[in-house]
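Spelled out from the first residue to the last, the chains are:
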Amino acid sequence: MLELQKLDKYIVLLMLALLPMDMINSIMLKNEIILPITLGQLFKLIIIAVLFFRFYLFNFKLLLTSCLLFLLLLIPSFYQIFIQLDASFLFSDIVKVSKYLMPLLSFYFFREYIKRQEPTEIKKLFNLVWFSYIVLVVNILMKYVGFGYPMYASGDIGSKGLFYAGNETSALLIILTSILAYEMFFKKKGWQFYLFTIFSLFIGLSIGSKTGTLGVLLLLVLIPLKRPSIKSNTEEFKKLGYKVFGFIPIMAFGTWIALKHTSGYGRISYYWEKLDVFTFILSHRNFFCADSYSIYQSKYNFIERIIGVGQTKYELLNNFKIIEIDIADIFFAFGFIGLFLFVFLIFNLMSQSWKLSKLKEHPYTNFVFLMVFVLLGISSIAGHVFSSGMSAVFIGLLFSLMYIKENVVLKK
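What counts, and where the lines are drawn
- Residues numbered from 1 in each chain as written.
- Predicted model: local features only at pLDDT ≥ 70, side-chain atom pairs only at ≥ 80, totals over all residues.
- Heavy atoms only, no water.
- Helix = DSSP H or I, 4+ residues; strand = E, 2+ residues; numbered from the N terminus.
- Contact = heavy atoms within 4.5 Å.
- Areas by Shrake-Rupley, 256 points an atom, 1.4 Å probe, with all protein chains shown as cover.
- Axes fitted to C-alpha atoms, helices over the stretch in contact; angles between N-to-C directions.
- Parallel < 35°, antiparallel > 145°, perpendicular 65-115°, else oblique.
- Nonpolar A, V, L, I, M, F, W, Y, C, P; charged D, E, K, R; others polar.
- Buried < 20%, exposed > 50% of the residue type's maximum accessible area, 1.4 Å probe, protein only.
- Left-handed = near helix turned anticlockwise from the far one by under 90°.
- Expected span 1.5 Å × (residues − 1).
- Core = buried A, V, L, I, M, F, W, Y, C linked by side-chain atoms within 4.5 Å.
- Salt bridge = Lys/Arg side-chain N within 4 Å of Asp/Glu carboxyl O.

## Side note on the overall build of the protein
Looking only at helices and strands, the protein has 20 helices and 0 strands in total. Relative to all contacts within the protein whose residues are 6 or more apart in sequence, the contacts with residues 24 or more apart total 72%. With the model as given, the accessible surface of the protein reaches about 20000 Å², and the carbon-plus-sulfur share is 68%.

## Focus on the packing of helix H3 (residues 39-58) against helix H4 (residues 60-73)
In a pair of packed helices, the angle between the axes and the distance between the axes together describe the arrangement. Put simply, H3 and H4 touch, their axes get as near as 6 Å, and they point 135° apart. Here H3 is positioned oblique relative to H4, judged by the angle of their axes. Here Phe 52, Phe 55, Tyr 56 and Phe 58 of H3 lie close against H4, whose contacting residues are Phe 60, Leu 62, Leu 63, Ser 66, Cys 67 and Phe 70. Its residues assigned to classes, the contact of H3 with H4 comprises 9 nonpolar, 1 polar and no charged.

## What about the side chain of Gln 311?
Mapped onto the secondary structure, Gln 311 falls in helix H16 (residues 311-317). A residue is classified by how much of its surface remains accessible, and Gln 311, at 4% relative accessible area, is buried.

## Remarks on the environment of Trp 130
Looking at the secondary structure, you find Trp 130 in helix H7 (residues 119-141). Classification of Trp 130 as partly exposed rests on a relative accessible area of 30%. In the structure, Trp 130 is positioned 49 residues away from Ile 179 in sequence and 9.4 Å away in space, judged by C-alpha atoms. Those residues in contact with Trp 130 that sit more than four places away from it in its chain are Leu 180, Glu 183, Met 184 and Phe 196.

## Examining the packing of helix H1 (residues 4-16) against helix H6 (residues 90-114)
Closest axis-to-axis distance for the H1/H6 pair is 12 Å, and the angle between their directions is 130°. What the angle tells us is that H1 and H6 run oblique. For the pair H1 and H6, the sense of crossing is left-handed. Here Asp 8, Ile 11, Val 12 and Met 15 of H1 lie close against H6, whose contacting residues are Phe 109, Phe 110 and Tyr 113.

## A short note on helix H10 (residues 210-222)
Here H10 spans 18 Å end to end across 13 residues, near enough to the 18 Å set by a 1.5 Å rise per residue. Taken together, the buried positions of H10 are Gly 212, Thr 213, Gly 215, Val 216, Leu 217, Leu 219, Leu 220 and Val 221.

## A word on the environment of Leu 29
Within the secondary structure, Leu 29 is located in helix H2 (residues 18-30). It is 7.8 Å that separates the C-alpha atoms of Leu 29 and Tyr 164, two residues lying 135 residues apart in sequence.

## Details of unusual backbone geometry
A positive phi angle is found at Glu 324, which is not glycine, with a value near 70°. Tracing the backbone shows Glu 324 in the loop between H16 and helix H17 (326-357).

## Description of the nonpolar core
Residues Met 15, Phe 109, Phe 367, Phe 399, Leu 401 and Ile 404 are the most contacted members of the largest nonpolar core, which totals 115 residues. Setting aside residues up to four positions removed in sequence, Ile 404 forms contacts with Ile 114, Gln 117, Ile 122, Phe 126, Glu 361, His 362, Pro 363, Tyr 364 and Val 409.

## Section: the pattern of salt bridges
Oppositely charged side chains are able to pair whenever their charged atoms sit close together. Under the definition given, this model contains 10 salt bridges. Between Lys 44 and Asp 22 there is a salt bridge, and its shortest N-O distance comes to 3.0 Å. Of this pair, Lys 44 sits in helix H3 while Asp 22 sits in helix H2, and the two are 22 residues apart along the sequence. Note that Glu 315 is salt-bridged to Lys 96, the shortest N-O span being 3.2 Å. Here Glu 315, found in helix H16, pairs with Lys 96, found in helix H6; they are 219 residues apart in sequence, far enough to count as distant.

Now the structure itself:
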């Protein structure tokens with residue numbers, strides 16, 4: 001029988017190829033090499049199949065849970081087959097549902113992997129993050145030597161390297177940066193932490209998106225902050241105040257000066273003058289949401305308003321445009337079932353990290369608790385976080401870090 005440790009090693013090695021495969025997939029799409037299923041989608045489905053196989057062999061309960069979640073999110077698709085007498089879209093819906101469940105399946109896998117608490121094995125997970133971070137950074141920096149694709153073709157603004165889904169690179173940068181930055185901070189490598197996060201801030205500016213820049217800036221400010229407790233004395237609150245009201249304005253001003261020297265500044269200033277603040281922050285997503293709600297009221301029948309219409313029909317009704325606010329896209333595609341599952345799973349993550357933080361031996365619990373809020377915030381204004389094919393595995397890895405014990409981190 002296949003050994004658990006060997007299988008887990010192969011799965012982690014498979015995940016090392018995620019971003020390189022996305023690059024190859026992008027090159028194929030840019031050169032109009034169109035396949036029935038993209039190379040990137042196929043590779044991620046292979047990873048899911050391997051995870052299912054792993055659950056089947058070593059934790060059948062996780063397999064049943066994963067299958068149940070798939071079936072629940074496919075209920076609107078089955079309903080559409082029933083009323084349309086057409087199942088041609090089912091495979092497409094399965095692929096799209098898998099994107100939403102990939103972070104959770106990855107979380108299940110990494111949680112089991114970490115619970116063995118073997119320092120050499122934990123180190124492999126951080127090697128996975130480092131490798132992926134380097135691949136991402138090299139792609140973004142290609143812009144400065146004349147390679148890669150711009151984030152916005154109009155005006156040749158920003159950079160997304162050889163990746164096709166440029167709007168997902170910002171979320172990926174924030175996730176990878178947060179994991180590596182917190183490890184440096186926890187190990188008291190202060191100067192490395194600040195140099196690394198400032199470099200990541202430069203990468204965020206190079207991408208040319210508000211999300212990447214502001215997200216990394218938030219990490220630079222929030223990670224060093226110690227969460228005050230009820231027992232905190234006046235001196236600790238004073239130190240917190242100095243950091244918040246002193247450091248944040250300085251970093252914000254420095255970032256603004258740097259932003260003014262990027263190619264994306266003209267685009268930002270143009271939309272700042274044309275739009276109200278709310279619309280500027282959401283990049284018109286508030287209007288997309290209003291349009292989707294109108295369609296929801298006028299074109300969804302009673303059952304569809306409860307269970308949703310499935311991802312394919314949702315995109316079809318909206319002229320193949322989604323809102324790019326994760327919680328809204330989940331609701332309009334998967335109804336109250338999808339919305340309940342999303343909120344329930346997020347609540348469970350927060351609850352579990354809070355409980356583990358009471359044990360005083362899991363150093364990543366407060367970090368995970370913080371990142372749940374950060375990612376929720378990003379997904380609410382920029383989308384493509386919890387439905388991101390590029391970030392999915394690393395979201396699962398990030399959340400699973402709450403199970404690492406302090407002595408294991410220091411040994412690895």
